[in-house]
Amino acid sequence: MKMDIQNFIGKFAEQFETTNASEIKATTEFKKLGEWSSLIALSVIAMIDEEYDVTLKGNDIRNANTIEDLFNVVKSKK
Amino acid sequence: MAFLDFKNVRIAGFSAGVPKRVVSNEGDVVRSSNYDAAQFVELTGVRERRYSETLTTSDLCYYAAERLVSDLHWDKQEIDALIFVSQSADYVLPATSCILQDRLGLSKECYCDDSALGCSGWVYGLSHVASLVSAGTIRKALLCCGDAKLRFALDSNYKADPLFGHAGTVTAMEYSEDAERIMCHYGTDGSGFDAVIIPDGGARCPASSESWKIENIDGVPLQRLQTRMNGMDVFSFGISTAPKSVKKLAEHFNFDYLDYDYFLFHQANMKMNAVIEKKLKLDHEKVPYSMPRFGNTSSASIPLTIVTELKGKVENAPTKFIACGFGVGLSWGTVAFKTDKLVVSELVEVSDDEVDKIHVV
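Residues numbered from 1 in each chain as written. Chains lettered and ligands numbered in written order. Predicted model: local features only at pLDDT ≥ 70, side-chain atom pairs only at ≥ 80, totals over all residues.

What follows deals with the overall build of chain B. A tally of helices and strands in chain B yields eight helices and 18 strands. Relative to its length of 361 residues, chain B is compact, with a C-alpha radius of gyration of 19 Å against a globular reference of 21 Å. Counting all 361 residues of chain B, 49% fall into the buried class. (Helix = DSSP H or I, 4+ residues; strand = E, 2+ residues; numbered from the N terminus. Rg over C-alpha atoms; globule rule 2.2 N^0.38 Å. Buried ≥ 20, exposed ≤ 12 C-beta atoms within 10 Å, placed from the backbone.)

Encoded structure:
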């Protein structure tokens, strides 16, 4: 999988049900989204594991604020 | 390298006991304010589970053992060992295996021991028993695994974790020179000791009045005597470690794991198990799940899945299984075994009043 942030944002947005995809951008502080929960966090870890072959730890999610932060963590672990 | 290879040990049968009471995961069962019951069920796959406020793990194991010994037509006097694996033992001391020896009426010439592992408990327990039996002097043995009622009385507002169900299982093993080998791989990473933990009640942090105070842990109100779980770390541990352990076992013993008939994974949560199944490229038909109806049942999950999902499918022909347990510790293991003329007892449903009334002080 090519490391492309637009693609990453698209895959990230797919983990949400009620949040409008247009609300999800590189600069979005994802933990502040109303729908964010510990369950969605697991879906995000699973998606990144499948799409990018990178297994994030809890602290990777905790320490990231924006989607771009998270994208950079994944990129650094590739 | 923690690989083990047992000979002369036959897995003869499986049974499982669960409380009669079914709790459905709907309404206000979820403890977190961040998601609701429907979202919880969608991700974890746990629609309902068995729950009792009175029955202990040993009560459930007792009825499962009576049923299996009867179905196997075993003479209790030939049962020379009993291992009890649980994180919800009847007493801080003595060991619950000693109580089960007496309650089941086993011989006093019986080797009994407890182990405190959780989700990896059955695969570890299997090697305890196999190493005893393979020596040739222990003729028959029972491995009792499960978790149920907690060891601490919590306040009336206590809400049980909707992920976990109660179950007590029994695996019967015996010495047999015709038995197929049992191949095992084990691993441990204690740096993750707090990924799943009950902080208080042990010698490190003894139970005190502070233990009942409610702390907010990632949006969930929890006392220090309740299990707390770092869900994200456990999730990433499970999806990376379980597939690797299966692959390592197959590589070490030089077999193709895809040739096996059934893959039994610890029933952690559906999302995690789906990732593991996909990473190993398994045929979904070969991967049974007891989780939707029974929840995550800790060390009972693998034998419970055989009883509830495979009864009627595995008794009449030789069957090859791979079983992988992983979780609290962090601890994990994978075993490959074959059964022939396996006995699988009907699920035993235990009423709330069928508690041990003898071993009570």
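Structure shown, so let's carry the discussion forward.
Moving on, we come to the overall build of chain A. Within chain A, the secondary structure is distributed over four helices and zero strands. Counting from the amino terminus, helix and strand elements in chain A follow one another as α-α-α-α. Against the globule reference of 12 Å for 78 residues, chain A gives a C-alpha radius of gyration of 11 Å, in line with a compact fold. Based on the C-alpha atoms only, the size of chain A along its principal axes is roughly 30 × 25 × 20 Å. Relative to its full complement of 78 residues, chain A shows a buried share of 27%.

A word on the sheet that holds strand β1 (residues 3-6) of chain B. Residues and elements named next belong to chain B. Read across the open sheet, the five strands follow the order β1-β9-β16-β15-β14; overall the sheet is mixed. If you trace the sheet from one side to the other, it starts and ends with β1 and β14 (262-265), each paired once. Geometrically, the sheet is characterised by an average inter-axis angle of 15° between neighbouring strands, direction not taken into account. Bridge count between strand β9 (residues 182-188) and strand β16 (residues 331-339): six bridges; the pairing is antiparallel. Looking at β16, one finds that His-185 is bridged to Thr-334. Strands in contact with helix α4 (residues 121-134) are β1, β9, β15 (319-327) and β16; relative to β16, the strand with the most contacts, it is inclined by about 55°. (Pairing = 2+ DSSP bridges. Axes fitted to C-alpha atoms, helices over the stretch in contact; angles between N-to-C directions. Contact = placed C-beta atoms within 7 Å.)

Counting from both sides, the interface comprises 17 residues of chain B and, opposite them, 14 residues of chain A. Ranked by residue count, the leading element in the side of chain B that touches chain A is helix α5 (residues 231-252) of chain B, at seven residues. A per-class count over the side of chain B that touches chain A returns seven nonpolar, seven polar and three charged. (Nonpolar A, V, L, I, M, F, W, Y, C, P; charged D, E, K, R; others polar.)

What follows covers the nonpolar core. Residue and element names in this part refer to chain B. Ranked by internal contacts, the top residues of the largest apolar core, which has 119 residues, are Leu-82, Val-129, Ala-141, Leu-143, Cys-144 and Met-173. Broken down by element, the residue count for this core peaks at nine residues, all from α5. The residue makeup of this core includes at least three contributed by each of domain 1 (3-182 + 343-350) and domain 2 (183-339). The residues touching Leu-82, leaving out its near neighbours within four places in the chain, are Ser-97, Leu-100, Gln-101, Leu-106, Cys-110, Cys-112, Ala-141, Leu-142 and Cys-144. (Core = buried A, V, L, I, M, F, W, Y, C linked by C-beta atoms within 7 Å. Domains from an automatic or database assignment.)

Let us now look at the domain arrangement of chain B. All names here are of chain B. Assigned domains of chain B: these are domain 1 (3-182 + 343-350) and domain 2 (183-339). Computed from C-alpha coordinates alone, the two centres of domain 1 and domain 2 are separated by 14 Å. Residue-level contacts link 55 residues of domain 1 with 53 residues of domain 2. At the level of secondary structure, the elements contributing two or more residues to the side of domain 1 that touches domain 2 comprise β1, β2 (9-19), α1 (37-44), β4 (48-50), α4, β7 (140-147), β8 (167-175) and β17 (343-344).

This part is about the packing of helix α2 (residues 38-52) of chain A against α5(B). Closest axis-to-axis distance for the α2(A)/α5(B) pair is 10 Å, and the angle between their directions is 30°. Considering their axes alone, α2(A) and α5(B) lie roughly parallel with respect to each other. Where α2(A) crosses over α5(B), the handedness of that crossing is right-handed. Packed against α2(A), whose contacting residues are Ser38(A), Ala41(A), Leu42(A), Ile45(A), Ala46(A) and Asp49(A), the element α5(B) presents Gly231(B), Met232(B), Phe235(B), Ser236(B) and Ile239(B) at the interface. Counted by class, the contact of α2(A) with α5(B) contains seven nonpolar, three polar and one charged residues. (Parallel < 35°, antiparallel > 145°, perpendicular 65-115°, else oblique. Left-handed = near helix turned anticlockwise from the far one by under 90°.)

What follows covers the pairing of strand β6 (residues 111-115) of chain B. Two faces, one strand: in a regular strand the side chains alternate between the faces of the sheet. Residue and element names in this part refer to chain B. As judged from the five bridges shared by strand β5 (residues 79-85) and β6, these two strands associate in the parallel manner. If you follow Ile-83 over to β6, its bridge partner there is Asp-113. Considered for its hand, the β-α-β crossover made up of β5, helix α3 (residues 96-103) and β6 is right-handed. (Right-handed = clockwise from strand over helix to strand, strands pointing away.)

Residues and elements named next belong to chain B. Put simply, α5 and helix α6 (residues 270-279) touch, their axes get as near as 9 Å, and they point 25° apart. By the angle between their directions, the pair α5 and α6 is classed as roughly parallel. Here α5 runs over α6; the crossing is right-handed. Of the residues in α6, those touching α5 at Phe-235, Gly-238, Ile-239, Ala-242 and Pro-243 are Met-272, Val-275, Ile-276 and Lys-279. Here the residues of the contact of α5 with α6 are counted per class, giving seven nonpolar, one polar and one charged.

Turning our eyes to something else, we now look at unusual backbone geometry. Cis geometry is found at the peptide bond from Leu93(B) to Pro94(B), where omega equals 5°. Following the sequence through the fold, Pro94(B) ends up in the loop between β5 and α3. Cis rather than trans, the peptide bond between Gly329(B) and Leu330(B) has omega equal to -10°. The backbone of Asp53(A) shows a phi angle near 60°, a positive value even though the residue is not glycine. Since 12 C-beta atoms lie within 10 Å of it, Asp53(A) is described here as exposed. Residue His73(B) is not a glycine yet carries a positive backbone phi of 55°. With respect to the helices and strands, the residue His73(B) is situated in the loop between α2 (57-72) and β5. The class of His73(B) is exposed, set by 7 C-beta atoms lying within 10 Å.

Before going further, it helps to examine α2(A). Residues and elements named next belong to chain A. Over its 15 residues, α2 runs 21 Å from end to end, which matches the ideal 21 Å to within 8%, given 1.5 Å per residue. Taken together, the buried positions of α2 are occupied by Ser-38, Leu-39, Ile-40, Ala-41, Leu-42, Val-44, Ile-45, Ala-46 and Ile-48. Once α2 finishes, Asp-53 follows within two positions and takes phi at roughly 60°, a positive value. (Expected span 1.5 Å × (residues − 1).)

Next up on the list: the environment of Met272(B). Residues and elements named next belong to chain B. In this fold, Met-272 is placed in helix α6. On the basis of neighbour counts, which here come to 28 C-beta atoms within 10 Å, the residue Met-272 falls in the buried class. The spatial distance from the C-alpha of Met-272 to the C-alpha of Ser-236 is 8.5 Å, given a sequence separation of 36 residues. Once residues lying within four places of it in the same chain are set aside, the contact partners of Met-272 are Phe-235, Gly-238 and Ile-239.

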